[in-house]
Structures are given as structure tokens and as C-alpha cells.
Amino acid sequence: MSPTFYLYLSAILFTIGTLGVLLRRNAIVVFMCIELMLNATNLALVTFSRINGTLDGQVMAFFVMVVAAAEVVVGLAIIVSVFRTRRSASVDDANLLKY
Amino acid sequence: MSPAIAHVAAALLPGAADPTTSFPTPHLDYRALLPMLIVGGVATLGVLVEAFVPRGKRGITQTVLALGGLVAAMVAVVSNTSIRNITAEGAISVDGPTLFIQGTVIAVSIGALLLIADRALASDADFAAQAADVPGSAAEQASVRAGFVHTEVFPLAMFAVAGMLLFPAANDLITMFVGLEVLSLPLYLLAGMARRRRLLSQEAALKYFLLGAFSSAFFVYGMALVYGYAGSVKFADIATALSSSTHGDPLIIVGLALLGIALIFKLSGAPFHWWTPDVYQGAPTPITAFMAAGTKIAAFGALMRVLFVAFGGLSWDWRPIIWGVAIVTMVVGAVIGVTQTDVKRLLAYSSIAHAGFLLTAVGGITVGTADSESSVLFYLVAYGFMTIGAFAIVMLVRDADGEANHLSRWVGLGRRSPLIAGIFAFFLLAFAGLPPTSGLWAKVAVFKAAYEGGAAPLVIVGMLASAVTAYYYVRIIVLMFFQEPAVDGPTVLAPTVFTSAAVVIGVAATLVLGIVPQPLLDLAGKAVPFLR
């Protein structure tokens, strides 16, 4: 099977993630959609690695995973503290700062 | 492919390379990397201090450690000025612009750290006693009564500085991504750590985090597409691939667009500036000063390196985009700033407008000319110092429940505390670009570079935007000096040694660069061009 199909899949996943960030209201789900975008990137990196015949892409996928893990730590800490304060994780409720 | 992974490649990819290839040690020029190693090491030590030093002594230990580390890193940068070297297997480029930007980042970080130390060690600290406590809960009151202070702000800030040093030095996209995250992740947390108005602070952290993570996802996908096009993410390889093939491949165009979105987000250029006012307003003021100055300096360094070194061959494609972004950024920063009533929000829109002025020089570049690069470097120094100083003054004007940020509270401040109001007015003149401040020469330099690069329309928009921003700066000066103060006006905190030092550094740099700009302009001229 041509590896190009994996690129299409990764583009579709990235688009779903982007739309999810823009459309969903729950901060946790928004964050999951961002993770989906990062994982779509990993799929693209690994596929390009195969197409190009170099391993750089696979190594970069590990970097992206590590950074994503660090981002989860920071992100969940922030989302949980906001939830404990407001009893809500909806990004629409975070509306004190505007204009 | 780098030889280090050729070995693994041979095992996994049939026919990729000879499996007997040796596994060479990467060459690291430790001297060139020293500033980053010092700051990263001090940040790590700071984490250990949190674990092992008794609570009462942590604040002072962390302050000494962090300030000492920054001064040592500054010495390392200054002693490295002759180095022009691409090291760490091509991952990090220590060249003139890198050293100049690293020196600037460290200098403004010292100023910001003085403010952070002041507000972390003071009896009425501005950082949450325990950020995990629910605002208004009994647990929070207990933490405040026990005198807890989050001294973790110091290692977090130092990690952010380490990221700011790596970000503009990165010479491939994956290193740049790591630098981007190392600088951003601590700032997300720091933004949510205010002791007062904690709902605003937490909201700022949430918005900054979600939007920042969103933009870094764009960065990595852009990186993946560029990797697919060029077969490598090293800037030199990308430039080679661009020069040896026909233009218009969607992979590279879309890839560069995605990278550009993330970088323009970081330097708060329109239309990706929406986080800036919210985060600047909600974050504790010393942190706002730190990220307003440091992040923008580092992000401009990174943007210029990506555009000039890696994507110079595509300059006909990205120049119109940068033109558009610069115009929209200047107009948004100037026009929306007029309606602001909160001083931190107003300074946020001012910082957006400054990003636009800086982008005029980037858009005016014909790749290879040094003027626009050096003018941006000079502007970043001037902007960094005036920003630290202005936010230091904002920190001092207080009500019973913390800072009095609403502009209605600043009415008549010049009558009550002429010195503080006078210094703030001086910084506002610098933001507006009026003599005798560094802001004037910074604007002259970028507009001249833009004009000579053929971006005359940008200069015209820049002039008009400057006039609009000058209106809102002067409005504050009028409000402070020519209106009667309210009876229950805010008190002005007597500045401590730390804050005074930060303000003095800001005033001195702004004034000296305003009177004798030439030495620094020469230095910036010697720092360019980028090493390719």
C-alpha cells in the first residue's frame, strides 16, 4: 500500500483536531483535540521518514511525544485548578477578561 | 541523515546504510553553548533548592542563585562575542544575532527577575501562597496565614529564560520546537500564579495554555510537511532543497504557512494576537513584564532565522504575507489600544503595535542585506528595557487589594507622586518614539530599513499607527498630570532596592540609547548577518 494514504489520514486527523479545538467547549476535550493534532503530526513524520528513507522523522516523533507529555502535565494542572475554582471546565465560562 | 542515526537506520530500513557504520560522538562546542548550559543548570539547581532548603531560606537562596546564574550567563555571552559557530551536529547556531539576542534576553531577564524577587519576597507577595488552593477557601487562608510563598517561580522563570536562549539559537526545526516549548510551558504556569484576582489569573493561564498549545501543534505539523519536502529539518538543508527545485510545491508552502502561524502567535502579531491582552492583564505584573520583553525578543530572533536562513529562497512568497501581517498588527495594536481602560491591557496593545513596527523591517528585507536585521536587533533592546521599566511602575501603584490597574485610578497621579508618574511618562514617550528616548532611534532604524527594502507602504502605515499610539500614550500623561486627583486615590508603594534597580536600569538604558544610539547600532551592525 502506498505510504501516501497515511499522509491523507494524518491530514484528516489534524483537521479533525483543529475543528475540535475551535468547536468544542470543554477544556479537557479541547486539550484532547490538541493532542490529536500532535499525534497526526507524528503519523506524518513517520510516514515521511519512510518515504524519504531517513530516520530523522522517527526520532522527531519521539521528541514530539516527550514534549506532548510535558504539555499534559502543565495543561492538566491548569485545567484542574480552573475546574476546582469554577466547578466548570467550559471554556465559554472563562469570560472575565475581554475586549 | 546524520551519521548518529545511520546505524539505527540500517537496522530498520532495508538497504538504507551499512550496518557496520560506527556510532560517532556528536561534537559539542561547550564554550558556545555555555550561556544556555548555565541558565538550564541554575534552573535545575533551583528545583533541588525547593526540595532540600528549609522554607524560610528558600526565597533568598533562589534569588541569589537565579541572579548569579543570569550574571554568569551574561559574562559567558560577552566572552563569546567572537564565536561564529554551528555546533551540536548542526542543531544550534551560535552566531552574531544569536549572541546579541541572548545578551538582550539575559539583560531584560535580570530586570524582570529583580521584579519577580521583589514581589515574591515581599510580605504582601503578589504570587499565590499555594496555587493549588481554591480561591477564597479556608485552605487558601491557612496557606496565607502560614506565610507560604511559591518560590518555585524562580526555577520556572529560569527554565523560561533557558528556552528563550535556545529558541533564537536553534538551527533546525525540532530544536526550535523544543526551545519554543521550554520557554512556553513555564510561562503558562507562571501566568496563573497571582495571589490577588485569582480568577483572572487562572483564566489567563487557561487561555494562554490552550492557545499556546494550539499554536505549537501548528508548528510541529508545519515541521512535518517541511521534512517531507526537504528530507531534513536543518535550515541549511531546507535552503539547499529550495534552491535546487522548482517553487510552488504545496508541501513547502503549507509547511511554511503553519510554521509562520506559530511564530507570529508567539510574537503576538495579528491576527493571532488575541491571547496577548488577556494574558498580560491576568498574569502577575512581574511575569507580564518578563514575557512581554523576553518572549518577543526570542520570537523575533527565531522568526528572522527561519525566514532568512531556511526560507530565504521563498522570500517572494512570504514577503507579501509579512507585509499584510505587519499592517494588520500595527492597525489593531493602535486602534484597539485607544479604547482600553486598564493600564496592563493598554500596554499589551502597545506591545502588539510594537510587534507590527518590528515586522515592517522584516517585511522590508531583501535577503542578504544587513540593515533590516540589525535594525530589528536594536529595536528589541530598546523595547525590552522600556517594557521592564513600565511594568515595574505599574507594579507600584496600588490599592488596598493589590494593584490599581484601572486608568481611572491613575487620574492625578502626577500631583501625588511626581517622580513615579514622571518616570512612567518618560517610558510612555519612549513607547511613542519621541525624543530623547531610545524609542525614537528604534523606530527610525526599522522604518529606514523598511523603506530602503522597498516597503514604503509599510512605513506610511507605520507612521500613521505611531501617531494613533502616541494619542493614547499622551492621553495617559494628560490624565496623570493635568487632572485633579481623586480623594481616595491609590497609594504608591515606596520602591524597594530590587524594583528601584529594575526601574533605574530601564530609565538609564532608554535615556542613554536615546542620546547616544550609535554604539549599540554599530554593535548590532557587527552582529549580523546570520550564519548560514
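The structure we're discussing is the one just above.
Residues numbered from 1 in each chain as written. Chains lettered and ligands numbered in written order. Predicted model: local features only at pLDDT ≥ 70, side-chain atom pairs only at ≥ 80, totals over all residues. Heavy atoms only, no water.

### Topic: the overall build of chain A
Worth spelling out the cut-off: In DSSP terms, a helix is any run of H or I states spanning at least four residues, a strand is any run of E spanning at least two, and both are numbered starting from the N terminus. Here the globule rule is a power law, 2.2 Å times the number of residues to the power 0.38, and the radius of gyration is based on C-alpha atoms. Summary of the burial criterion: residues with accessible area below 20% of their type's maximum are buried, those above 50% are exposed, and those between are partly exposed, where the area comes from a 1.4 Å probe applied to protein chains only. The criterion used for residue contact is that any of the two residues' heavy atoms lie within 4.5 Å. Each accessible area value is a Shrake-Rupley result obtained with a 1.4 Å probe; residue values ignore everything except the protein chains displayed when judging cover. Lys and Arg are tallied as positive, Asp and Glu as negative. Neither His nor the chain termini are counted. Each charge is placed at NZ for Lys, CZ for Arg, CG for Asp and CD for Glu.
Helix and strand content of chain A: 3 helices and 0 strands. In terms of overall size, chain A is more extended than a compact globule, its C-alpha atoms giving a radius of gyration of 17 Å where 99 residues would be expected to give roughly 13 Å. Overall, the C-alpha framework of chain A stretches about 50 × 25 × 25 Å when taken along its three principal axes. Across the 99 residues in chain A, those meeting the buried criterion constitute 45%. Across chain A, every contact between residues at least 6 apart in sequence was considered, and the portion connecting residues at least 24 apart equals 57%. About 5,100 Å² of surface is accessible on chain A, with carbon and sulfur atoms providing 70% of the total. Taken together, the 7 basic and 5 acidic charged side chains of chain A have centroids lying 9 Å from each other.

### Considering the side chain of Thr276 of chain B
Residues and elements named next belong to chain B. As a reminder of what qualifies: Any pair of N or O atoms that falls within 3.5 Å is considered a polar contact. Within protein, one atom must be able to donate a hydrogen and the other to accept it, and sequence-neighbouring residues count only if both atoms are side-chain atoms.
Along the chain, the position of Thr276 falls in helix H11 (residues 275-282). A polar atom in the side chain of Thr276 sits 2.9 Å from the backbone oxygen of His273. What Thr276 contacts, discounting residues up to four positions off in sequence, is Ser268, Ala348, Ser351 and Ile352.

### Examining the pattern of salt bridges
For clarity, the cut-off: Salt bridges are identified by distance alone: a Lys or Arg side-chain nitrogen within 4 Å of an Asp or Glu carboxyl oxygen.
This model, assessed by the stated rule, comprises 14 salt bridges over all chains. The shortest N-O distance in the salt bridge between Arg86 of chain A and Glu203 of chain B comes to 3.1 Å. Of this pair, Arg86 of chain A sits in helix H3 (residues 56-86) while Glu203 of chain B sits in helix H8 (residues 198-230), placing the two residues on different chains. Assessed through its relative accessible area of 22%, Arg86 of chain A is described here as partly exposed. Relative accessible area serves as the criterion here: at 1%, Glu203 of chain B is assigned to the buried category. Among the salt bridges present, the one from Asp278 of chain B reaches Lys207 of chain B, with a minimum N-O distance of 2.9 Å. Here the residue Asp278 of chain B occupies a position in helix H11, and Lys207 of chain B occupies one in helix H8, the gap between them amounting to 71 residues. Accessibility assignment for this pair places Asp278 of chain B and Lys207 of chain B in one class, buried. When salt bridges with common partners are traced through the structure, they connect Arg86 of chain A together with Glu203, Lys207, Asp278 and Arg345 of chain B into a single cluster.

### A short note on unusual backbone geometry
Generally, phi is negative for residues other than glycine and the peptide bonds are trans, each holding for most cases. All names here are of chain B. With omega at 0°, the peptide bond leading from Ala270 into Pro271 counts as cis. Tracing the chain through its elements places Pro271 in the loop between helix H10 (250-266) and H11. Going from Pro435 to Pro436, the amide bond is cis rather than trans, its omega being 0°. Here Pro436 is to be found in the loop between helix H17 (418-432) and helix H18 (438-452).

### A look at the sheet that holds strand S3 (residues 397-399) of chain B
All names here are of chain B. Which entries qualify depends on this criterion: DSSP bridges decide pairing: two strands pair if at least two such bridges lie between them.
Sheet architecture is open: 3 strands sit in the order S4-S3-S5, paired in antiparallel fashion. Two strands lie at the open edges of the sheet, namely strand S4 (402-403) and strand S5 (491-492), each paired on one side alone. As paired elements, S3 and S4 share 2 bridges and run antiparallel to each other. Each residue of the ladder has a partner; that of Asp399, found in S4, is Gly402.

### Notes on the packing of aromatic side chains
All names here are of chain B. What counts, and what does not: Ring pairs shown here join Phe, Tyr and Trp side chains whose ring centres sit within 6.5 Å, with only the six-membered ring taken for Trp; geometry is labelled stacked below 30 degrees between planes, edge-to-face above 60, and tilted in between.
Tallying each qualifying case throughout the model produces 19 aromatic pairs over all chains. With 4.9 Å between their ring centres and 10° between their planes, Tyr208 and Trp275 make a pair best called stacked. With a gap of 67 residues between them, Tyr208 in helix H8 and Trp275 in helix H11 connect regions that are remote in the sequence. Pair check on accessibility: Tyr208 and Trp275 agree, each one buried.

### Some details on helix H6 (residues 153-166) of chain B
An α-helical turn contains 3.6 residues, so any two residues separated by three or four positions project in the same direction. Note the cut-off: What a helix is expected to span follows from its residue count: subtract one and scale by 1.5 Å.
Look at H6 of chain B: 20 Å from first C-alpha to last across 14 residues, which is about the 20 Å you get at 1.5 Å a residue. In terms of burial, H6 of chain B is largely enclosed, as 13 of its 14 residues are buried.

### Section: the nonpolar core
Let me state the cut-off plainly: Here, nonpolar core means buried Ala, Val, Leu, Ile, Met, Phe, Trp, Tyr and Cys residues that are tied together by side-chain atoms lying within 4.5 Å of each other.
In terms of nonpolar packing, the biggest core is built from 217 residues, with Phe311, Val362 and Phe424 of chain B touching the most fellow members. Ignoring anything within four residues of it in the chain, the contact list for Phe311 of chain B reads Val226, Ile238, Leu242, Ile252, Leu256, Leu259, Val306 and Trp318 of chain B.

### Regarding the interface of chain B and chain A
To keep things clear, this is the line we draw: Throughout, buried area stands for the accessible area (probe radius 1.4 Å) lost by two parts on being put together, summed over both.
Taken together, the contact between chain B and chain A spans 49 residues of the former and 50 residues of the latter. Both sides together, the interface formed by chain B and chain A hides about 4,200 Å², and carbon and sulfur atoms give 76% of it. Counting across the chain B and chain A interface gives 1 salt bridge. For the pair chain B and chain A, the number of links is 12 residue pairs in polar contact (both at pLDDT 80 or more). Elements represented by at least two residues in the side of chain B that touches chain A include exactly helix H1 (3-12), helix H7 (173-191), H8, H11 and helix H14 (343-363) of chain B. Looking at which element gives the most residues to the side of chain B that touches chain A, the answer is H8 of chain B, with 22 residues.

### Focus: the packing of H17 of chain B against helix H20 (residues 497-515) of chain B
All names here are of chain B. Going by this rule: Orientation is described by axes fitted as lines to C-alpha atoms, over the contacting stretch for helices, and by angles from 0 to 180 degrees between their N-to-C directions. Oblique is the label for any angle not covered by the other classes, which are roughly parallel (under 35 degrees), roughly antiparallel (over 145) and roughly perpendicular (65 to 115). Helix crossings fall into two classes, left-handed where the near helix is turned counterclockwise from the far one by less than a right angle and right-handed where it is turned clockwise. Residues are sorted three ways: Asp, Glu, Lys and Arg are charged, Ala, Val, Leu, Ile, Met, Phe, Trp, Tyr, Cys and Pro are nonpolar, and all the rest, Gly among them, are polar.
Taken N-terminus to C-terminus, the directions of H17 and H20 make an angle of 40°; their axes are 11 Å apart at the nearest point. Taken together, the axes of H17 and H20 lie oblique to each other. Read as a crossing pair, H17 and H20 show a hand that is left-handed. Only Val503, Gly506, Val507, Thr510 and Leu511 of H20 make contact with H17, whose side of the interface consists of Ile423, Phe426, Phe427 and Ala430. Residue classes in the contact of H17 with H20 are distributed as 7 nonpolar, 2 polar and no charged.

### Section: the environment of Val279 of chain B
Residues and elements named next belong to chain B. Of note, Val279 is situated in helix H11. Put simply, Val279 and Thr25 are 254 residues apart on the chain and 43 Å apart in space, counted from C-alpha to C-alpha. The contact partners of Val279, leaving out residues within four places of it in the chain, are Ala191, Ala204, Tyr208 and Met291.

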